[in-house]
Each structure stands twice: as C-alpha cells, then as structure tokens.
Amino acid sequence: YRVTRGEDGALVLTLDGRLAANVGLPPMPEYYRHELANGKTVMETAPTIQWGYLIYLTVLRLCQYFGAKEECQFCDINHNWRQHKKEGRPYTGVKPVDDVLEALAIIDRYDTERVSTAYTLTGGSVTSTVDGLAEADFYGRYAEAIEARFPGRWIGKVVAQALPKEDVQRFKDYGISIYHPNYEVWDKRLFEIISPGKERYVGREEWHRRIFDAADVFGASHVIPNFVAGVEMAKPFGFATIDEAISSTTEGLDFFMSRGITPRFTNWCPEPATPLGKDNPEGAPLEYHIRLLEAYRGALERHGLK
C-alpha cells in the first residue's frame, strides 16, 4: 500500500499501483490554534480523535503495573514516559485538573458546530494511589470538575480497571456515563501471560465478575470492555492458527453479549518497545481481522445487540 497524490492532487491509497481508496484528512480544528495561559497547547492537554468527536484525556501517563512481571505485554505507556522525559519533550505525567478545564473551555468556545460530543478519561492503572487518591477518586475528580463546569456538554466516559461495585458507583456519581473496564484478551492462559498485572492484582475471573457487576450500575449497554484484536496470535505463545484465535475470541464475545454487554475492540498495533512488538512487528494477519469482523457481526445478531 502507498499513499500518493492523484492527477487532481488529491490523496489516494494505492495497492500495487492500482487505486484502492480516496484519502481524507480531518481538518485542523480552530481550538488547536490557541494555547492555555501557561503556554501548553490544547493538542497536548485535550487532543481530539475520531474526526473531532472524542476528546481524549490521558490524565495519567504512567501505569502502576510496572516492570516485566506486571505490565501488559502490548502496552508501552511507561516506556513512552521514559522516552519523552529523556528527550526533554513536554509530557505531563499527571495532568492538573485546572489545565484540563481550561483546555475544555477553549474547545467549548471555538467548537461552534458542536463536533465534539464526548470525552474519555484514561491513563495508567492505579494499584495504590496518585495524589493521595485511589483509582476511582483519581479519575473521578476530573469528571466531577468537568460536569460541574460544563454540565451535560459532553458524554463522559472512563477507561479504568474493573473495580469493585462500590467504586464503579462512585464513577457514576462523579458524572461518568460509560465505563470501559478493558479485559484485553479472552483466553485464560493468554490473559495470564499478556496481562500479568491484571491477573496478579485482580484475576481474570474476578475481572469478569466486576464487569457484570458494573452493568448493574451503568446498565449493560453502557459497560463496554475493550479487547486487543489480534494479540491472541502473538508469537511465541499465541494461537498458531487463525481458526483457533477466532474461535477463542468468539467464545469471549458470546460470554459477554449473552449478558447484554457489547465489547469493543482496538486492532493490535505492535509497539517496537514492547515485548510483543519486538517479536511480532507485523501484528496479526489481514485474514484474521476480516474474519473477526464476520465473527463480531454474527455474535451481535445471535444476541440481538446493536
């Protein structure tokens, strides 16, 4: 595949010299041209993705699952932190609440067409405390401040660990509408290898139980755990065939969808600084991703979900 310019100057995607698709780039939003009072950029503090729909607030750029025996094997959040600090680049470990509010005020002011409709609070897992706060209260304080300043302006979402039910209730009380307690990979053996910190601190079965408990708080349709599509084929310990991988992941889809919970997935993008990225630079085969879409659609139909 190559991205080039066609005869009219527009970007196109070609495969072996043949036109595959036209290419569009999201426009630079007006609010990206403005800085916070301290000189930080909106792009650094509150970037938007998905063509401006989603404000992505990575408020904690470190994970307390630390080291080879705890870090998820596909994730480079801690390596990114070390790399940026070494190069002297701006990379705030914990984003101040006031900075987030100021960036959102700029977005709200200049996003006159209301393209941004949701925000996600995300970052590393908290196994002890950050700023003296456990995970639910650390992430929850941002939602509480956002909802107080901009009531109902955006749909609030949080990516966090699968927490006990009382902590999940606090997320909702803080103003969060959608909860993403990501389970990463379905297979029991692979979960223990790929997400050793989650297995150590919570455990796979308890993680799943907490996902179902969260449905009692938010409603099943508002609990959307993510899995990393393709990572179950990672060498040297992943499934050797696409059939095995799809069969395993479909089992996980049926497990959650039978209870009204619809997982989402992100395609595994091998990061070169991670253990799995070093051994699997090309990721999962294209056939896997096509068949996953077929399996996902089939599971939705089986369970009457959208």
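Data block above holds the structure.
In this report, we go over the structure that sits alongside the text. (Residues numbered from 1 in each chain as written. Predicted model: local features only at pLDDT ≥ 70, side-chain atom pairs only at ≥ 80, totals over all residues. Heavy atoms only, no water.)

Details of the packing of helix α3 (residues 97-110) against helix α4 (residues 135-149)
To keep things clear, this is the line we draw: To get an axis, fit a line to the C-alpha atoms, keeping to the stretch in contact for a helix; angles then go from 0 to 180 degrees between the N-to-C directions. Only runs of H or I of at least four residues qualify as helices and only runs of E of at least two qualify as strands under DSSP, and these elements are numbered from the N terminus. To sort the angles, those under 35 degrees are grouped as roughly parallel, those over 145 as roughly antiparallel, those from 65 to 115 as roughly perpendicular, and the leftovers as oblique. By convention the crossing between two helices is left-handed if the near helix lies anticlockwise of the far one by an angle smaller than a right angle, and right-handed if it lies clockwise. In this analysis, two residues are considered to be in contact whenever any of their non-hydrogen atoms come within 4.5 Å of each other. Residues are sorted three ways: Asp, Glu, Lys and Arg are charged, Ala, Val, Leu, Ile, Met, Phe, Trp, Tyr, Cys and Pro are nonpolar, and all the rest, Gly among them, are polar.
Look at α3 against α4: their axes get within 10 Å of each other, and the N-to-C directions meet at 40 degrees. Taken together, α3 and α4 sit at an angle that is classed as oblique. For the crossing formed where α3 meets α4, the hand is right-handed. Seen from α3, the contacting residues are V97, V100, L101, L104 and A105; seen from α4, they are R141, Y142, A145, I146 and R149. Its residues placed into classes, the contact of α3 with α4 shows 8 nonpolar, no polar and 2 charged.

As for the sheet that holds strand β8 (residues 178-180)
Note the threshold: If DSSP finds at least two bridges between two strands, the strands pair.
If you trace the 5 strands from one edge of the open sheet to the other, you get β4-β5-β6-β7-β8, paired in mixed fashion. Two strands close off the open sheet at either side, each with one partner strand: β4 (48-49) and β8. Across the sheet, α4 lies against β5 (54-60), β6 (118-123) and β7 (155-159), angled at about 160 degrees from β6, the strand it touches most.

Thoughts on the nonpolar core
What counts, and what does not: In this text, buried Ala, Val, Leu, Ile, Met, Phe, Trp, Tyr and Cys residues form a nonpolar core when linked through side-chain atoms within 4.5 Å. Each residue gets one of three labels from its accessible area relative to the maximum for its type: buried under 20%, exposed over 50%, partly exposed in between, using a 1.4 Å probe on protein chains only.
Grouped together as the largest cluster of nonpolar side chains are 81 residues, with contacts concentrated most on L57, Y119, L121, I146, F171, Y179 and Y288. Not counting residues up to four positions away in its chain, the partners in contact with Y288 are A229, G230, E232, M233, I242, A245, I246 and T249.

So, helix α2 (residues 77-87)
For an α-helix the count is 3.6 residues per turn, leaving residues at separations of three or four pointing the same way. Operational definition: Think of the arc as the fan of directions from the helix axis to the C-beta atoms.
Taken together, the buried positions of α2 are I77, N78, N80 and H84. For α2, the angular spread of the buried residues around the axis is 160 degrees, confining them to a single face. Immediately downstream of α2, the backbone of G88 shows phi near 75 degrees, a positive value.

Interpretation note: all reported values are geometric properties and have no functional meaning in isolation.
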